[in-house]
Amino acid sequence: MAYIRGTMQSLFDRRGETEALGPGATLLRGRALPLATTLLAEIEKIAARAPFRRMKTPGGFEMSVAMTNCGTAGWLTDRKGYRYDTTDPETGQPWPPMPEVFLALARGAAAEAGHAGFVPDACLVNRYEPGTRLSLHQDRDEADYGHPIVSISLGLPATFQFGGSKRSDPVRRVALEHGDVVVWGGPSRLFHHGVLVLKAGAHALTGRHRFNLTLRKAL
Ligand code: MD3
Ligand code: FE
């Protein structure tokens, strides 16, 4: 089978590969590629109702990455702290509903990685442009860490940093490219991670932007 793939795919086309990034973390290279334009159109529709905004951390710093959400619950930060809320504070309205295509992709990817029956209720949409970054952190605002998180990368590539359960643990660097999907479960679910400063560039579908969707069962 490997040799058939070898004849059908060039040495540099990594579509269809899966790679274990850590304990319970599975990278599905290019898994979202067939849906990329559909996913980007849905992001545009979400942003028309719940605009991208740069949120403030509890310490008073403005994040460089712009964010919005869809689904029952959305992730927020402000001077009061990090949390999920069912209302968008910018509009006073519920977050836009989770598109079916997000649900189906997350569910399928999670199942491929060994987490059958994943039903996310929150999707954070991160928008990067050159010069923006996300410093090393853990995702700890969800009610039950037993559920995986599915992340989908679109547009400009980024260097993702992936450490361990302690902030001081050594960090690996992984290139995340347009169409890549990662399922974070097991011990990796609570590992430190971040995104290095985005390099300048232009992507045919997103221009100067990188989008990352993180699908979670938050509540
Ligand atoms: C590892 N987003 O939204 S995606 C985040 O590219 C976040 O925008 C990054 O970290 C981004 O919280 C990284 C990969 C990712 C997402 C969630 C994780 C890795 C994770 C949760 C636990 C462990
Ligand atoms: Fe995170």
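Scroll up for the structure.
Scope of this entry: the structure provided in the associated data block. Computed from a prediction, not measured in an experiment: that's the story for all the values here.

### Some remarks on the packing of aromatic side chains
Moving on, step 1. Applying the stated criterion across every chain yields a total of six aromatic pairs.
Moving on, step 2. An angle of 20° between the planes, with centres 5.7 Å apart, marks the rings of Trp75 and Tyr82 as stacked.
Moving on, step 3. With relative accessibility at 45%, the residue Tyr82 sits in the partly exposed group.
Moving on, step 4. One aromatic cluster is present, formed by Phe160, Phe162, Trp184 and Phe191 through successive ring pairs.
Moving on, step 5. Over the face of the ring belonging to Tyr128 we find Arg210, whose NZ or CZ atom lies 4.9 Å from the ring centre.

### Re the site of ligand 1
Moving on, step 1. Around ligand 1 lies a shell of 19 residues, among which Asn126, Tyr128, Trp184, His193 and Arg210 are the nearest.
Moving on, step 2. Within the side chain of His137, an N or O atom sits 3.2 Å from an oxygen atom of ligand 1.
Moving on, step 3. In the environment of ligand 1, an oxygen atom lies 3.1 Å from a nitrogen or oxygen atom belonging to the side chain of Arg216.
Moving on, step 4. When ligand 1 sits alone it has 490 Å² of accessible area, and the protein chains cover 98% of it.
Moving on, step 5. The cavity that encloses ligand 1 is the largest pocket.
Moving on, step 6. Counting residues per element, the shell around ligand 1 draws most heavily on strand S13 (residues 210–216), at four residues.
Moving on, step 7. Residue composition of the shell around ligand 1, grouped by class: eight nonpolar, seven polar and four charged.

### Details of the sheet that holds strand S2 (residues 25–28)
Moving on, step 1. In spatial order, the strands read S1-S2-S11-S8-S13-S6-S3; together these seven strands make up an open sheet with antiparallel pairing. Here the strands that pair on one side only, and so sit at the sheet edges, are strand S1 (18–22) and strand S3 (66–71). This sheet shows a mean twist of 20° between the axes of neighbouring strands, independent of strand direction.
Moving on, step 2. In the sheet, strand S8 (residues 149–155) pairs with strand S11 (residues 181–184) via four bridges, with the strands oriented antiparallel. From the neighbouring strand, Val150 faces S11, where its bridge partner is Val183.
Moving on, step 3. Docked against the sheet, helix H2 (residues 36–49) engages S3, strand S6 (122–128), S8 and S13, running at close to 95° with respect to S8.
Moving on, step 4. Along the sheet, helix H3 (residues 100–112) contacts S2, S3, S6, S8, S11 and S13; its crossing angle with S8, the most-contacted strand, is approximately 120°.

Thresholds, definitions, all that
- Numbering of residues starts from 1 in each chain and follows the order in which that chain's sequence is written.
- Chain letters start at A and ligand numbers start at 1, both assigned in the order the entries are written.
- Totals for whole chains, interfaces and linings use every residue, but because this is a predicted model, local features are given only for residues with pLDDT of at least 70 and side-chain atom pairs only at 80 or more, for both listing and counting.
- Only hydrogens and water are set aside; all other atoms, that is, all heavy atoms of the structure, feed into the side-chain values.
- Pairing of aromatic side chains here covers Phe, Tyr and the six-membered ring of Trp, requires ring centres within 6.5 Å, and sorts the geometry by plane angle: under 30 degrees stacked, over 60 edge-to-face, intermediate tilted.
- The buried label applies to any residue whose accessible area, calculated with a 1.4 Å probe on protein chains only, is under 20% of its type's maximum; exposed applies above 50%, and partly exposed to all values in between.
- The rule is short: NZ of Lys or CZ of Arg within 6 Å of the ring centre and within 35 degrees of the ring normal puts a charge over the ring.
- Each residue is tested against the molecule or strand, and it is near if at least one of its non-hydrogen atoms lies within 4 Å.
- Polar contacts, as used here, are pairs of N or O atoms within 3.5 Å; protein pairs need one atom able to donate a hydrogen and one able to accept it. Residues neighboring in sequence count only if both atoms are side-chain atoms.
- The protein chains shown are the only cover counted for residues, whose accessible areas, like all others here, come from Shrake-Rupley with a 1.4 Å probe.
- Cavity means a closed set of points on a 1 Å grid over the protein atoms alone, one where a 1.4 Å probe fits but cannot get out, pocket means an open set with protein on both sides within 12 Å along at least 5 of 7 lines, and lining means a residue has an atom within 4 Å of a point.
- Whether a molecule sits in a cavity or pocket is decided by its atoms, more than half of which must lie within 2 Å of the grid points.
- To qualify as a helix, a DSSP run of H or I must reach at least 4 residues; to qualify as a strand, a run of E must reach at least 2; elements of each kind are numbered from the N terminus.
- The classification used treats Ala, Val, Leu, Ile, Met, Phe, Trp, Tyr, Cys and Pro as nonpolar, Asp, Glu, Lys and Arg as charged, and all other residues, Gly among them, as polar.
- Pairing between two strands requires that DSSP report at least two bridges joining them.
- Note on method: axes are straight lines fitted to C-alpha atoms, helices fitted across the in-contact stretch only, with angles between N-to-C directions ranging 0 to 180 degrees.
- We call two residues in contact whenever any of their non-hydrogen atoms come within 4.5 Å of each other.

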